[in-house]
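Here is how the chains run, residue by residue.
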Amino acid sequence: MKNLRNVMLLFAASAAMIACQNNGKTAANAAGNDSAATDTVAVDSFVYEGEIPGADASSVYTLKLANDSTDGFALHIQSSKAQAKPEDYTGKKVVETKKVDGKDVTVYKFALGKDTTYFKVVNDSTLRMVNDQAEEAASKLSYDLKLKK
């Protein structure tokens, strides 16, 4: 009876070890890929897009915001000028609260090289480009980025 119990225990332990091998999960790591180093901005993100007017040409902004604790962002700017090269920026989004006309407004701050760009959270699906005081442009042109994904 004792031998049968030992055989059953050995069988259960072997089955548990086989079930925990995780072959599919470690194959990528065995090839030298670091699963922790994946770009979460590209994989799991909210994507906003819109055409922002400029002095001599408009530009299409594509903004990806990471949907995790990293607060990462990736911004792609494509000018409508024929010879203009696209600009790409990445970094960490800074969330600020500013007072505008006596109301608290949530603003996202993005460091773009030497410049800084600000977007006010209008609602769940719209971000609006504003100045550093969270003030909107005086013109009636659209400075909105709309949620795509």
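Residues numbered from 1 in each chain as written. Predicted model: local features only at pLDDT ≥ 70, side-chain atom pairs only at ≥ 80, totals over all residues. Heavy atoms only, no water.

A. Region of the structure containing the overall build of the protein. Looking only at helices and strands, the protein features three helices and nine strands. Taken from the N to the C terminus, the helices and strands of the protein come in the order α-α-α-β-β-β-β-β-β-β-β-β. Considering only intrachain contacts with a sequence separation of at least 6, the fraction spanning at least 24 residues in the protein is 29%. Summing over all exposed atoms, the protein offers an accessible surface of approximately 10500 Å²; the carbon and sulfur share of this is 53%. (Helix = DSSP H or I, 4+ residues; strand = E, 2+ residues; numbered from the N terminus. Contact = heavy atoms within 4.5 Å. Areas by Shrake-Rupley, 256 points an atom, 1.4 Å probe, with all protein chains shown as cover.)

B. Main features of the environment of E96. Mapped onto the elements of the fold, E96 is located in strand β5 (residues 94-100). Note: C-alpha distance between E96 and K109 (13 residues apart in sequence) is 7.3 Å. Discounting chain neighbours no more than four positions away, the residues touching E96 are V105, T106, V107, K109 and Y118.

C. Broad picture of unusual backbone geometry. Its identity as a non-glycine residue notwithstanding, D101 has a phi of 55 degrees, on the positive side. Within the element layout of this structure, D101 appears in the loop between β5 and β6 (103-112). On the accessibility criterion, D101 (79% relative accessible area) is exposed. (Buried < 20%, exposed > 50% of the residue type's maximum accessible area, 1.4 Å probe, protein only.)

D. Layout of the nonpolar core. Ranked by size, the top nonpolar core spans 16 residues in total, and within it Y61, L63, L65, F110, L127 and L145 carry the most contacts. Contact partners of Y61, with chain neighbours within four places excluded, come to Y48, E49, G50, I52, L75, H76, I77, F119, M129 and L145. (Core = buried A, V, L, I, M, F, W, Y, C linked by side-chain atoms within 4.5 Å.)

E. Local environment of the sheet that holds β6. Spatial ordering of the open sheet is given by β4-β3-β2-β1-β9-β8-β7-β6-β5, a layout of nine strands whose pairing is antiparallel. In this open sheet, the two strands that pair with only one neighbour each are β4 (87-92) and β5. Taken over all neighbouring pairs, the strand axes of this sheet differ in orientation by 25 degrees on average, direction set aside. Both strand β1 (residues 45-52) and strand β2 (residues 59-66) contribute to a ladder of eight bridges, which runs antiparallel. Its bridge partner lying in β2, E51 is registered against V60. (Pairing = 2+ DSSP bridges. Axes fitted to C-alpha atoms, helices over the stretch in contact; angles between N-to-C directions.)

F. Quick peek at the side chain of D144. As for its placement among the helices and strands, D144 is situated in strand β9 (residues 144-147). A polar contact of 2.6 Å, which involves the side chain of D144, links it to the side chain of R128. Contacts of D144, omitting those with residues within four sequence positions, involve E49, G50, E51, I52, T126, L127 and R128. (Polar contact = N/O pair within 3.5 Å; in protein donor to acceptor, adjacent residues only side chain to side chain.)

G. Summary view of the packing of aromatic side chains. Under the criterion given, the structure shown has four aromatic pairs. Here Y108 and F110 contribute two aromatic rings whose centre-to-centre distance is 6.4 Å and whose plane-to-plane angle is 80 degrees, an arrangement assigned as edge-to-face. Ring geometry for F110 versus F119: centroids 6.0 Å apart, planes at 65 degrees, classification edge-to-face. The exposure classification of F110 matches that of F119, with both residues buried. Here the aromatic residues Y61, F73, Y108, F110 and F119 are joined through ring pairs into a cluster of three or more. Sitting over the ring of Y108, K93 keeps its end group 4.5 Å from the ring centre. (Phe/Tyr/Trp six-rings, centres within 6.5 Å; stacked < 30°, edge-to-face > 60°. Lys NZ or Arg CZ within 6 Å of the ring centre and 35° of its normal.)

H. Spotlight on the pattern of salt bridges. Enumeration according to the criterion identifies eight salt bridges in this entry. With a closest N to O distance of 2.4 Å, K120 and E136 form a salt bridge. Taken together, the residues K120 in strand β7 (residues 115-123) and E136 in the loop between β8 (126-130) and β9 connect sequence positions 16 residues apart. Of the residues examined, K120 reaches a relative accessible area of 15% and is grouped as buried. It is possible to trace a salt-bridge network through shared partners that takes in K120, R128, E136 and D144. (Salt bridge = Lys/Arg side-chain N within 4 Å of Asp/Glu carboxyl O.)

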